[in-house]
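# Summary of the model geometry
What follows is each chain in one-letter form.
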Amino acid sequence: SLILAIESSCDETSVALVRDGKTLLSNVVSSQIESHKRFGGVVPEVASRHHVERITYVIDDALSEAGVTMQDVDAVAVTQGPGLVGALLVGISAAKALAFAHSKPLIGVHHIAGHIYANELVEEMEFPLVCLVVSGGHTELVYMPEHGVFEVIGETRDDAAGEAYDKVARTLSLPYPGGPAIDRLAADGEDTYKFPRVRLEAGSFDFSFSGLKSSVINAVHNAEQRGETVIPENLAASFQASVVEVLVEKAIRAVKEKGAKQLLVAGGVAANRGLRAALKEATDREGIRLVIPPLDLCGDNAGMIGVAAHHAYVRGKRDTLAMNAVPGLSLEESMTV
Ligand code: ATP
Ligand code: MG
Ligand code: FE
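Residues numbered from 1 in each chain as written. Chains lettered and ligands numbered in written order. Predicted model: local features only at pLDDT ≥ 70, side-chain atom pairs only at ≥ 80, totals over all residues.

Looking at an unreviewed UniProt entry, one finds the protein chain named tRNA N6-adenosine threonylcarbamoyltransferase and attributed to Exiguobacterium aurantiacum. The Sequence similarities (unreviewed entry) comment attached to the protein chain in UniProt states, word for word, "Belongs to the KAE1 / TsaD family." The record in UniProt for the protein chain states the following under Subcellular location (unreviewed entry): "Cytoplasm". (UniProt positions renumbered as here; feature names shortened; annotations may be inferred.)

### Some points on the UniProt feature "binding site: Fe cation" (unreviewed entry) in the protein chain
In this numbering, the UniProt entry assigns the feature "binding site: Fe cation" (unreviewed entry) to His 111, His 115 and Asp 300. Across 190 residues, the annotated set stays spatially compact, with a maximum C-alpha separation of 8.7 Å. Along the polypeptide, His 111 turns up in helix 4 (residues 111–117). Given 27 C-beta atoms within 10 Å, His 111 falls into the buried group. Not counting residues up to four positions away in its chain, the partners in contact with His 111 are Ser 9, Thr 79, Gly 81, Pro 82 and Gly 83. For Asp 300, the position within the fold is in the loop between strand 10 (290–291) and helix 10 (302–314). (Helix = DSSP H or I, 4+ residues; strand = E, 2+ residues; numbered from the N terminus. Buried ≥ 20, exposed ≤ 12 C-beta atoms within 10 Å, placed from the backbone. Contact = placed C-beta atoms within 7 Å.)

### Structural notes on the pairing of strand 6 (residues 129–134)
In terms of burial, strand 6 is largely enclosed, as 6 of its 6 residues are buried. The alternating pattern of strand 6 places Leu 129, Cys 131 and Val 133 and Val 130, Leu 132 and Val 134 on opposite faces, both of which are buried. Two elements, strand 6 and strand 7 (residues 139–144), share 6 bridges in a ladder whose sense is antiparallel. Residue pairing in the sheet places Leu 132 in a bridge with Leu 141 of strand 7. Counting the residues that bridge the hairpin from strand 6 to strand 7 gives 4 residues. Strand direction decides the pairing type here: strand 6 and strand 9 (residues 262–266), joined by 5 bridges, are parallel. Looking at the pairing, Leu 129 lines up with Gln 262 of strand 9. (Pairing = 2+ DSSP bridges.)

### Remarks on the nonpolar core
Counting residues in each nonpolar core, the largest one holds 107 residues, and the members touching the most others are Ala 5, Val 15, Ala 77, Val 130, Cys 131, Leu 247 and Ala 309. A total of 13 residues in this core trace back to one element, the largest contributor, which is helix 8 (residues 232–258). (Core = buried A, V, L, I, M, F, W, Y, C linked by C-beta atoms within 7 Å.)

### Focus: the UniProt feature "binding site: substrate" (unreviewed entry) in the protein chain
Within this structure's numbering, the places UniProt gives as "binding site: substrate" (unreviewed entry) are Val 133, Val 134, Ser 135, Gly 136, Gly 137, Asp 166, Gly 179, Asp 183 and Asn 272. Tracing the backbone shows Gly 136 in the loop between strand 6 and strand 7. Exposure remark for Gly 136: the 22 C-beta atoms within 10 Å place this residue in the buried category. Excluding anything up to four places from it in sequence, Gly 136 contacts Ala 160, Gly 162, Glu 163 and Gly 268. For Asp 183, the location among the structural elements is in helix 6 (residues 178–186). On the basis of neighbour count, Asp 183 is assigned to the buried category, with 20 C-beta atoms found within 10 Å. If near-sequence neighbours (up to four positions away) are discounted, Asp 183 is found in contact with Asn 272, Arg 273 and Gly 274.

Right, here's the structure in full:
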C-alpha cells in the first residue's frame, strides 16, 4: 500500500508517505516548539492556528519529497485522537478533503498506536509482545497478542512520565520541553537525592509519578529556605534514576509474565538516553529482545501513523467522511475491526 498520513494531535504538524508500512518515502515534521516556549507549554489555540497555517505546505512538501502524487496513494490516514481537539480537527479536515477530492479511503488512527508502530520501522513485530509507552500524555504497558489488538495491562494513576519531566524541568527553570533538558543535565550528575521508587501494590503494572514530582519540588524549596543552592545535575540525575528504575523493572516483569517475544518502547520519552541505556542493559541481562525507534521517530511524526494505518488498511479498516476527532479515544477499541 501507499499511504499518506497526517499527524496534528499536539504541537507537530506532520505528513508522511509510507510504502507497505515499512518504508518512509517522506516524513515531514513542522514543529511549533519555538512558539510555545515563551508560555512554558503547549497553548491549544496557538497550536490550532499553527496547524492551519502549515498543513497545506507540509502536505505538498511530503508529496514532492516522496516523488508521488495523490493518484498514486491508496489511502489517507490521520490521527483521530487522543490529543487537543482543535489541533486534531485541522489534520482530520485536511485528510477528509484529500480523501474526498481524490476518492481515496480514509483511515483514522489512534495516536498511541502510531507511537507503538514506529517500532515496525526498526524490526518486524513478533507476537505476543509488550510495549512500554512513555510519552507526554501517556505511560502504559501495552500487551499485543497480534496486530491491531491492544491490551493496557498497566498505566499511570496520575502524571505521565513526559509530564513529570516537563514539570520538574519547570521547577529547575529549564526551557520547554523539559525532557531533553533534564536528559542532558542528568548525564553529568549522580543520584545523590535517592528519591522514592514508587512501585504501588505488589504485582501491579501501574505507575505513579506525582509523588516523585513533589519530592523534587520539595528538595528545591528546602534548599532555598536553608539558603543553599541545589546542584541541578544531581537533581536531574536523581529524578531520572527514580523514573527509569521503575519503568525498566515493570517492563521486564511484564515481558516475563506475559511470555512476550519482544519488548518495544514508544513515545517521546523513549528518546531519553538514561532510559535507553538502562533498558539495553536489563534486556541484555535477561535475554529479552528490545526494540526502540530511532530518536527522530520517538516524538510525534506522521510516519508512525502511516505504519499503523497500513496494518489497519490490510485488515480492512475504513472510516467515513463523518469521522470526528475524539480527544479521549481509547487505545483498546481503536484498531480492532
Ligand atoms: P501523547 O503521545 O501521550 O499524546 P505527546 O504527543 O505530547 O503526548 P510525545 O510527543 O510523544 O508526547 O512526547 C513528548 C514528551 O517527551 C514531552 O513530555 C518531552 O519532554 C518528552 N521527551 C522528549 N525527549 C525526551 C528525553 N530525551 N528525555 C525525557 N523526556 C523526553
Ligand atoms: Mg510534541
Ligand atoms: Fe505523542
